[in-house]
Amino acid sequence: ARPRVLIVRDTRESGEMLESAIAAGVTAAGGDALLAGVLPTPAAPLLVRRHELALAAVISASHNPYEDNGIKLFAADAFILLTPEYNGSYTPAMKALLDFFAKDAFYRKPMAIVTASTGALGGMRAAVQMQMLICALFGIPSPHMLIIPFMDKKFDAEGVLQEEAFQRIVDHFLNEFCWLAEKIR
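Participant: Explanation requested: the overall build of the protein chain in the structure shown.
Facilitator: Helix and strand content of the protein chain: 6 helices and 8 strands. When its helices and strands are written in sequence order, the protein chain yields β-α-β-α-β-β-β-α-β-α-β-β-α-α. Per-residue burial over the protein chain gives 45% buried out of 185 residues. By sequence separation, contacts in the protein chain at least 24 residues apart represent 67% of the contacts at least 6 residues apart. Accessible surface, the protein chain: about 9900 Å² in total, of which carbon and sulfur atoms supply 59%. Of note, the protein chain has its 17 positive side-chain charges centred 7 Å away from the centre of its 20 negative side-chain charges.

Structure below.
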């Protein structure tokens, strides 16, 4: 059976775009994305248990500034960390998210990095900072990262990918990460 992944978001402006990107990734990796729309974060783990889902992704930056956003994962054997570049690094929301979990939640778990920006580097500086963070958490970093330059041109206002050639890059990233996660599990 295909793994079912619940995607929940809050009302932040970037929520719909991130929801579409995550849903595309889940589908490309062979899963079924279940879009729940706007729900409170605590609903996610309850729904995962009640409906025996593989995973829930909650797009929210909780109490952080409205411009920020982040992703919280529930019931994960592996992690994909997605962040826009923020002042040359990852967002404060990402730091808050990772600080929330006990460090053993990441111990020996495969972790991949996705960064995005409207500039030409696509969040490369954030990706380098994230690589160091994964090692500090004793996670296993994937050698394949998904760096998204000119994000505002690659996706339309609804978060739909506009560049067919870039979809192949996304698919390769997800296939390599799924291979790593399966081998480590």
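From this point, the narrative continues.
Participant: Can you help me understand the pattern of salt bridges in this one?
Facilitator: Pairing between side chains becomes possible if they bear opposite charge and their charged atoms approach one another. Per the stated rule, a full pass over the model turns up 7 salt bridges. A salt bridge links D32 to R2, with the nearest nitrogen and oxygen atoms 2.8 Å apart. Here the residue D32 occupies a position in strand β2 (residues 32-38), and R2 occupies one in the segment before β1 (4-9), the gap between them amounting to 30 residues. The class of R2 is partly exposed, set by a relative accessible area of 44%. Among the charged side chains, a salt-bridge network with shared partners connects R9, E16 and E19.

Participant: Quick question: what am I supposed to make of a nonpolar patch on the surface here?
Facilitator: A cluster of nonpolar residues, L121, M124, V128 and M132, forms a patch on the protein surface that exposes about 360 Å² of accessible area. With respect to the helices and strands, the residue V128 is situated in helix α4 (residues 124-136). A relative accessible area of 37% places V128 in the partly exposed class.

Participant: Looking at this structure, I do not really get the side chain of S89. What am I missing?
Facilitator: Looking at where S89 falls in the secondary structure, it is placed in the loop between β5 (79-84) and α3 (92-100). Sequence-distant contacts of S89, defined by excluding residues within four places in its chain, comprise P84, A126 and Q129.

Participant: Explanation requested: the sheet that holds β1 in the structure shown.
Facilitator: Strand pairing in a sheet relies on backbone hydrogen bonds, with the paired strands running either antiparallel or parallel. Read across the sheet, 4 strands follow the order β2-β1-β3-β4 without closing on themselves; strand pairing throughout is mixed. Two strands close off the open sheet at either side, each with one partner strand: β2 and β4 (71-74). Within the sheet, the average angular offset between the axes of one strand and its neighbour, ignoring direction, is 20 degrees. Note that β1 and strand β3 (residues 55-59) share 5 bridges and pair parallel. Its bridge partner lying in β3, V8 is registered against V58. Contacts between helix α2 (residues 43-50) and the sheet are confined to β1, β3 and β4, with β3 contributing the most and set at about 160 degrees to the helix.

Participant: What is the right way to read the pairing of β1 from this model?
Facilitator: Working note: regular strand, side chains alternate between the two faces of the sheet. Across the 6 residues of β1, 5 count as buried, placing the element largely inside the fold. As judged from the 6 bridges shared by β1 and β2, these two strands associate in the parallel manner. Within β2, the residue paired with L6 across the bridge is L34. Of the crossover connections in this fold, the one passing from β1 over helix α1 (residues 15-28) to the parallel β2 is right-handed.

Participant: Could you clarify how one ought to interpret the packing of aromatic side chains in this entry?
Facilitator: Applying the stated criterion to the full structure yields 2 aromatic pairs. Considering the side-chain rings of F79 and F106, the 4.9 Å spacing of their centres and the 55 degrees angle between planes classify their relative orientation as tilted. Note that F79 is positioned in strand β5 and F106 in the loop between α3 and β6 (110-116), a separation of 27 residues in sequence. Neither F79 nor F106 differs from the other in exposure class; each is buried.

Participant: How should the environment of L174 be read in this particular structure?
Facilitator: The residue L174 is located in helix α6 (residues 164-184) in this model. A relative accessible area of 7% places L174 in the buried class. Placed 78 residues apart in sequence, L174 and A96 show a C-alpha to C-alpha distance of 25 Å. Aside from chain neighbours lying at most four places away, what touches L174 is G25, A28 and I80.

About the cut-offs
Residues numbered from 1 in each chain as written. Predicted model: local features only at pLDDT ≥ 70, side-chain atom pairs only at ≥ 80, totals over all residues. Heavy atoms only, no water. Helix = DSSP H or I, 4+ residues; strand = E, 2+ residues; numbered from the N terminus. Buried < 20%, exposed > 50% of the residue type's maximum accessible area, 1.4 Å probe, protein only. Contact = heavy atoms within 4.5 Å. Areas by Shrake-Rupley, 256 points an atom, 1.4 Å probe, with all protein chains shown as cover. Lys, Arg positive; Asp, Glu negative; His and termini not counted. Charge placed at Lys NZ, Arg CZ, Asp CG, Glu CD. Salt bridge = Lys/Arg side-chain N within 4 Å of Asp/Glu carboxyl O. Patch = residues over 30% accessible without salt bridge, like charges linked within 9 Å, V, L, I, M, F, W, Y side chains within 5 Å. Pairing = 2+ DSSP bridges. Axes fitted to C-alpha atoms, helices over the stretch in contact; angles between N-to-C directions. Right-handed = clockwise from strand over helix to strand, strands pointing away. Phe/Tyr/Trp six-rings, centres within 6.5 Å; stacked < 30°, edge-to-face > 60°.

Limitation: the analysis is restricted to geometry and does not speak to function.
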